[in-house]
Number of protein chains: 2
Amino acid sequence: MATSPLDCADLRRRVSRAAEAFLARQRPRLLAVGPDLRPLADEISAFLLDGGKRLRPAFAYWGWRGAGGADCAEVVNAVTALEFVQACALVHDDVMDGSDTRRGHPAMHRRFEALHRESGWRGDAAAFGTAVAILVGDTCLIWADEMLNTSGLPAEALLRAQPVYDEMRTEIMAGQYLDVLTQATGDHSLERAMTVARYKSAKYTIERPLHFGAALAGAPPELTAAYSGYGLPLGEAFQLRDDVLGVFGDPAETGKPAGDDLREGKRTVLIAKTLERATPAQAALVERHLGDPHLSPDGVAAMRDVITSSGALAETEKIIEELTAQALSALQVEILDPEAADVLRDLAIAATSRRV
Amino acid sequence: MATSPLDCADLRRRVSRAAEAFLARQRPRLLAVGPDLRPLADEISAFLLDGGKRLRPAFAYWGWRGAGGADCAEVVNAVTALEFVQACALVHDDVMDGSDTRRGHPAMHRRFEALHRESGWRGDAAAFGTAVAILVGDTCLIWADEMLNTSGLPAEALLRAQPVYDEMRTEIMAGQYLDVLTQATGDHSLERAMTVARYKSAKYTIERPLHFGAALAGAPPELTAAYSGYGLPLGEAFQLRDDVLGVFGDPAETGKPAGDDLREGKRTVLIAKTLERATPAQAALVERHLGDPHLSPDGVAAMRDVITSSGALAETEKIIEELTAQALSALQVEILDPEAADVLRDLAIAATSRRV
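Presented here is a report on the structure given in the accompanying data block. Only a predicted model underlies this, so the values are computations on that prediction, with no experimental measurement involved.

Across its full length, chain A holds 16 helices and 2 strands. In terms of overall size, chain A behaves like a compact globule, its C-alpha atoms giving a radius of gyration of 21 Å where 356 residues would be expected to give roughly 21 Å. Burial analysis of chain A (356 residues in total) assigns 52% to the buried set. Within chain A, residue pairs in contact and separated by at least 24 positions form 74% of the contacts whose partners lie at least 6 positions apart.

Here it is in structure tokens:
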């Protein structure tokens, strides 16, 4: 029986409810320190409960189900921990990139910068915003563990998942470091862009959540390997789709201004491919515009034109298609629960399909 | 049998060796991502292995021993996790405060800022330093969990300690937030300074580590209560000693320039007491100089004079003495292992004795 998109929406709602219940328990702990902690509690809740695609919990949940784990509230609690890890990554990432917005709202550091300004407090409002956003991210990272450890799953399950959980979190940080470093060194090679994408996103968004769910369920190595066969190519395809959306995406969907990745100067695989294929004049245009924070809509259009006419966009779309097909073929293993296989197929298509 | 200071030095060495062994296991994991990860691995190791007083592991270790836990390598591994939590707190704190130095060396963000500059990389060196320091702190926070979970202690012990570990980490973040907020709102009340000190330091440095060790050992509530009776006043005394050292301390011992807390504008209990007792002219001088980043040695001397002549210093020293005595009397419980009681007495005296 294939699971309808409605069931995915249902899982999203259950993840949100699990996060909400956990946050309701944390709130009095913060307020016990003092009523001044209210904005911290409020903003963490707002961030965690404000949508998001809940992709990582979904892959972790279906990783568990695929290994024969039964649906239960406890596993939903456990996979919701990944949303807290992700919240830390996003809030800190926005500080590091100096991003103004996230999901169409002001980024966390901008929210506290605004609170500082509106309250007429002393000192530098931006520095205050940065400091609090660092603490918000740290708190989310800590609460991820607590969410996992108090999920209600048996201790053996938690112990089994701990190594994957640790590995995943170290990989995220390593990937982020490589990303920051790459912006600094200006290494524009395709190889480097692929490595950053692999560590920062591919493993972390899909493969590791699947492994995490599998480990919670005590899956055999054969299934873990199948999840890698599915998760790694799909993760790369997903990242490439994200690269394309970052340049061509609809602001209403991405929650970021059109062409924002270009203004931020992101050295994506799409950009690396464009530079490989571009004429010298086109390459000069890309280098001139990339990372210009004041890039105009005309500049964005000119960049889009180079990315398209160089053939980089079409090549990227073709690779997304091939990687997705490769991912889907890895699902053809006996050991995988058929309902989970169907959902993972649907998720793969939803995560990578063309939306521009 | 009383444990000599040599035994405390021995525990410090064992904590350092445990951290070193753990870091040696993490290093290849980072380098597997790419050789460019070397500076990240190097700087995390340098920070963790560069001394520090290992106070939190010491209290956690003796919390375990006091509850009848046997000495073993596994518990040393487990308590060393607290050094990784502390590393995160310090590295992020230095970013938030814009501090240049830590333990007499450049702060983490300044180290990576220097690496950026020396390497001639592109973009803003300071922003690079901040971004990497955020990631370094996150990595330390993650590694703390892994250090704890792979300590070798039985799963039941780890499960027992998890709630204390979670509570402690949330309290640190809440205390830090309150600290940052207090600098911004300019609330100079003694009450606020005491609350910040309690959450940011007292509970976290002494009480919670003792509880953590006690929980690992499965101690009864009576011992946990005795540890609070010892840890909370001692923690406050320790924080007051730190306030005094921040103004009057020897740079060779504190690793910070003389009077650095004054330049940073720290609203400590010592400063709150000074303002309570000062004449209007003295109070005006304090308000004028406090937080002046260019405060001269003469300015520092003038501030010291107000703190002393107002009687705030003597009163603070008296409170330190009283709190320490109160802490020591809480150790008089049957249930506490006598050797641990002796060491905790020595630690209390070492942590709070007059050094100016």
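Attention shifts here to the relation of the copies chain A and chain B. Once chain A has been moved 0.0 Å along the axis and rotated by 180°, it coincides with chain B to within an RMSD of 0.0 Å. As the rotation angle and translation indicate, the two copies are arranged about a two-fold axis. By residue overlap, the copies meet face to face through one surface: 100% of the interface positions of chain A are interface positions in chain B.

So, on to helix 15 (residues 312–329) of chain A. Residues and elements named next belong to chain A. When the terminal C-alpha atoms of helix 15 are compared, their 26 Å separation across 18 residues agrees well with the 26 Å that a helix rising 1.5 Å per residue should span. Within the span of helix 15, buried status applies to Ala312, Leu313, Thr316, Ile320, Leu323, Thr324 and Ala327. Taken around the axis of helix 15, the buried residues stretch over an arc of 110°, which confines them to a single face. Turned more than 90 degrees off the buried face of helix 15, the exposed positions are Ala314, Lys318, Glu322, Ala325 and Ser329. Against helix 9 (221–248), helix 12 (269–277), helix 14 (297–309) and helix 16 (338–352) lie the buried residues of helix 15.

Glancing now at the packing of helix 3 (residues 55–66) of chain A against helix 16 of chain A. All names here are of chain A. At a closest axis distance of 9 Å, the pairing of helix 3 and helix 16 adopts a crossing angle of 155°. On the basis of their axis angle, the class for helix 3 and helix 16 is roughly antiparallel. Here helix 3 runs over helix 16; the crossing is left-handed. Residues Leu55, Ala58, Trp62, Arg65 and Gly66 of helix 3 pack against Glu339, Ala340, Ala341, Val343, Leu344, Leu347 and Ala351 of helix 16. Each residue belonging to the contact of helix 3 with helix 16 can be placed in one class, and the counts come to 9 nonpolar, 1 polar and 2 charged.

A separate point is the packing of helix 15 (residues 312–329) of chain B against helix 16 (residues 338–352) of chain B. Residue and element names in this part refer to chain B. Interhelical geometry of helix 15 versus helix 16 gives an angle of 170° and a closest axis separation of 10 Å. Relative to helix 16, the element helix 15 is oriented roughly antiparallel. From helix 15, Ile320, Thr324, Ala327 and Leu328 reach across to helix 16, where they touch Arg345, Ala348 and Thr352. The residue inventory of the contact of helix 15 with helix 16, partitioned by class, reads 4 nonpolar, 2 polar and 1 charged.

Counting from both sides, the interface comprises 46 residues of chain A and, opposite them, 46 residues of chain B. When residues of the side of chain A that touches chain B are traced back to their parent elements, those giving at least two are helix 1 (5–33), helix 4 (73–97), helix 6 (125–149), helix 7 (155–185) and helix 8 (190–217) of chain A. Broken down by element, the residue count for the side of chain A that touches chain B peaks at 16 residues, all from helix 7 of chain A. Of the residues that constitute the side of chain A that touches chain B, the class distribution is 25 nonpolar, 13 polar and 8 charged.

Turning our attention to the environment of B:Met147. All names here are of chain B. Checked against the element boundaries, Met147 lands in helix 6 (residues 125–149). Along the sequence, Met147 and Leu82 sit 65 residues apart, while their C-alpha atoms lie 9.1 Å from each other. With near-sequence residues (within four places) excluded, Met147 lies in contact with Phe22, Asn77, Thr80, Ala81 and Phe84.

Criteria and thresholds
Sequence order as written defines the numbering, with residues in each chain counted from 1. As they are written, the chains are lettered A onward and the ligands numbered 1 onward, keeping that order. Per-residue local features of the predicted model are confined to residues with pLDDT of at least 70, and side-chain atom pairs are confined, for both listing and counting, to 80 or more; whole-chain, interface and lining totals are unaffected and use all residues. Helix numbers and strand numbers start at the N terminus; a helix is a DSSP run of H or I with at least 4 residues, a strand a run of E with at least 2. Radius of gyration: over C-alpha atoms. The globule rule applied is 2.2 Å multiplied by the number of residues raised to the 0.38 power. For every residue, the other C-beta atoms within 10 Å of its own C-beta are counted; 20 or more classify it as buried, 12 or fewer as exposed, and values in between as partly exposed. C-beta atoms are placed from the backbone. Note on contacts: each residue gets a C-beta atom placed from the backbone, and two residues are in contact if those atoms are within 7 Å. Here the copies are superposed with least squares, the fitted atoms being C-alpha atoms of residues at a pLDDT of at least 70 in both. For a helix, the expected span equals 1.5 Å multiplied by the number of residues minus one. Here the arc refers to the directions that run from the helix axis out to each C-beta atom. Lines fitted to C-alpha atoms define the axes, with helix axes restricted to the stretch in contact, and inter-axis angles between N-to-C directions lie between 0 and 180 degrees. Any angle that is under 35 degrees is reported as roughly parallel, and any over 145 degrees as roughly antiparallel; angles of 65 to 115 degrees are reported as roughly perpendicular and all others as oblique. By convention the crossing between two helices is left-handed if the near helix lies anticlockwise of the far one by an angle smaller than a right angle, and right-handed if it lies clockwise. Three classes are used: nonpolar for Ala, Val, Leu, Ile, Met, Phe, Trp, Tyr, Cys and Pro, charged for Asp, Glu, Lys and Arg, and polar for all others, with Gly counted as polar.

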